[in-house]
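# Chain and residue survey
Take a look at the letters that make up each chain.
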Amino acid sequence: MKLKNPPVNSLSLEMLTELVINLEKLENDKAVRGLVLTSEYPGIFSAGLDLMEMCGRNPAHYAEYWKALQEFWLKLYQSSLVVVAAINGASPAGGCLMSLICDYRILADNPKYTIGLNETLLGIVAPFWFKDTMVNTIGHRASERALQLGLLFPPAEALQVGLVDQVVPEDKLQSTALSVMAQWLAIPDHARQLTKTMMRKPTVDHLVKQRDADIQNFVSFVSRDSIQKSLQMYLQKLRQKKS
Ligand SMILES: CCC/C=C/C(=O)SCCNC(=O)CCNC(=O)[C@H](O)C(C)(C)COP(=O)([O-])OP(=O)([O-])OC[C@H]1O[C@@H](n2cnc3c(N)ncnc32)[C@H](O)[C@@H]1OP(=O)([O-])[O-]
């Protein structure tokens, strides 16, 4: 599956909805057992959550957006398919989250392709289920440091901390993803799927139990004037960088 939402594959409401629909289609297709997730635009895997969905909208919109994000996370994190992320570009914040909920991550070796949960740099806070997903991947201490500092790791560091499983030359990314997929598909589906469920259930339950409270929390957080100001300033910085 190639992510294709120009210019930066941000996770807009529409994009999240499409992703969930397409995942469902693939999961219902008995001929499909695995999915390689990559970007149509080499250089950018995904810029993460769409800042335009979080700026200057009303509370009902924020609630709808957050619910769609939760839905996507729940769907992909619990997918019966083997999901390999072939990360061919920058992967900040929600882009990193999307890779973390796959089963295996391969990052193309390019110093510009950084990955991490950088929310604090925007003056916002990664929610507990982003944090849980990261802790499950790289452990508590490394997550605490990465989250507080909003670290975006270049490939060698991402590999060292365990945020990705492999770093390969850019032209080997797709072939590596396919050989990793073959290795995972050699395992009987039912045993692998039950094991995945067993490993991920506590993290899933944590969110499922608090879904509504988490939505309320996001809505009141993102509606604050101070947060709106931080997000606007960050967007302005992105635009200035461009000019
Ligand atoms: C509690 C909440 C938790 C939050 C989690 C998140 O994921 S928060 C998200 C955290 N995400 C980040 O911190 C990542 C921020 N983004 C980046 O760091 C870079 O865009 C890049 C490295 C992804 C690509 O670099 P590049 O030099 O190739 O591209 P460029 O920089 O020139 O951008 C092109 C256009 O896209 C625009 N735009 C960009 N991102 C977003 C976005 N997320 N959304 C919407 N729009 C976005 C940008 O403004 C510009 O628009 P313009 O001026 O044409 O109207």
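Read on for a plain summary of the structure. (Residues numbered from 1 in each chain as written. Predicted model: local features only at pLDDT ≥ 70, side-chain atom pairs only at ≥ 80, totals over all residues. Heavy atoms only, no water.)

## Focus: helix 4 (residues 128–138)
Note the threshold: For the exposure calls, accessible area comes from a 1.4 Å probe over protein chains only, and a residue counts as buried if that area is under 20% of its type's maximum, exposed if over 50%, partly exposed in between. Secondary structure is summarised from DSSP: a helix means a run of H or I of at least four residues, a strand means a run of E of at least two, and numbering begins at the N terminus for each. The contact rule is simple, with two residues in contact once any of their heavy atoms fall within 4.5 Å.
Listed in full, the buried residues belonging to helix 4 are Phe128, Trp129, Phe130, Asp132, Thr133, Met134 and Ile138. Buried-residue contacts for helix 4 involve helix 2 (59–77), helix 3 (94–100), helix 5 (140–149), helix 6 (155–161), helix 8 (189–209) and helix 9 (211–223). One or two residues past the end of helix 4 sits Gly139, with phi positive at roughly 90°.

## Regarding the sheet that holds strand 8 (residues 166–168)
The condition that has to hold: For two strands to pair, DSSP has to find at least two bridges joining them.
Across the sheet, which stays open at both edges, the five strands sit in the order 1-2-4-6-8 with parallel pairing between neighbours. Each edge of the open sheet is held by one strand with a lone partner, namely strand 1 (2–3) and strand 8. Bridge analysis of strand 2 (residues 34–39) against strand 4 (residues 82–87) gives four bridges, and the strand direction is parallel. Each bridged residue has a counterpart across the sheet, and for Leu35 the counterpart in strand 4 is Val83.

## A look at the environment of Glu144
Examined against the element boundaries, Glu144 turns out to sit in helix 5. When its relative accessible area of 34% is taken as the criterion, Glu144 is described as partly exposed. Between the alpha carbons of Glu144 and Trp184 there is a distance of 30 Å; along the sequence they are 40 residues apart.

## Some points on the packing of helix 1 (residues 13–28) against helix 2
What counts here: Simply put, an axis is a line fit to the C-alpha atoms, just over the touching stretch for a helix, and the angle between two N-to-C directions goes from 0 to 180 degrees. Reported orientations rely on four angle classes, namely roughly parallel under 35 degrees, roughly antiparallel over 145, roughly perpendicular from 65 to 115, and oblique for the rest. Note on convention: the crossing is left-handed when the near helix lies turned anticlockwise from the far helix by less than a right angle, right-handed when the turn is clockwise. Throughout, the ten residues Ala, Val, Leu, Ile, Met, Phe, Trp, Tyr, Cys and Pro are labelled nonpolar, Asp, Glu, Lys and Arg are labelled charged, and all others, Gly among them, are labelled polar.
Here helix 1 crosses helix 2 at 30°, and the two axes come no closer than 9 Å. Classified by the interaxial angle, the pair formed by helix 1 and helix 2 is roughly parallel. Regarding helix 1 and helix 2, the two cross each other, and that crossing is left-handed. Contact residues: Leu13, Leu16, Leu19, Val20, Leu23, Glu24 and Glu27 in helix 1; His61, Glu64, Tyr65, Ala68, Leu69, Glu71, Phe72, Lys75 and Leu76 in helix 2. Grouping the constituent residues of the contact of helix 1 with helix 2 by class yields 10 nonpolar, one polar and five charged.

## Side note on the state of the cysteines
The following threshold applies: Criterion for a disulfide: a pair of cysteine sulfur atoms within 2.5 Å.
This structure, assessed with the given rule, holds zero disulfides. For the unlinked cysteine Cys96, the closest cysteine sulfur is that of Cys102, found at 11 Å.

## Quick look at the packing of aromatic side chains
Basically, it comes down to this: Pairs were defined over the aromatic rings of Phe, Tyr and Trp, the Trp ring being its six-membered one, requiring ring centres within 6.5 Å. Orientation was assigned from the angle between planes: stacked under 30 degrees, edge-to-face over 60, tilted for the rest.
Evaluated as defined, the whole model comprises seven aromatic pairs. Geometrically, the ring pair formed by Trp66 and Phe130 is stacked, given 6.2 Å between the ring centres and 5° between the ring planes. One end of the pair, Trp66, is in helix 2; the other, Phe130, is in helix 4, with 64 residues separating them in the sequence. Just as Trp66 is buried, Phe130 falls in that class too.

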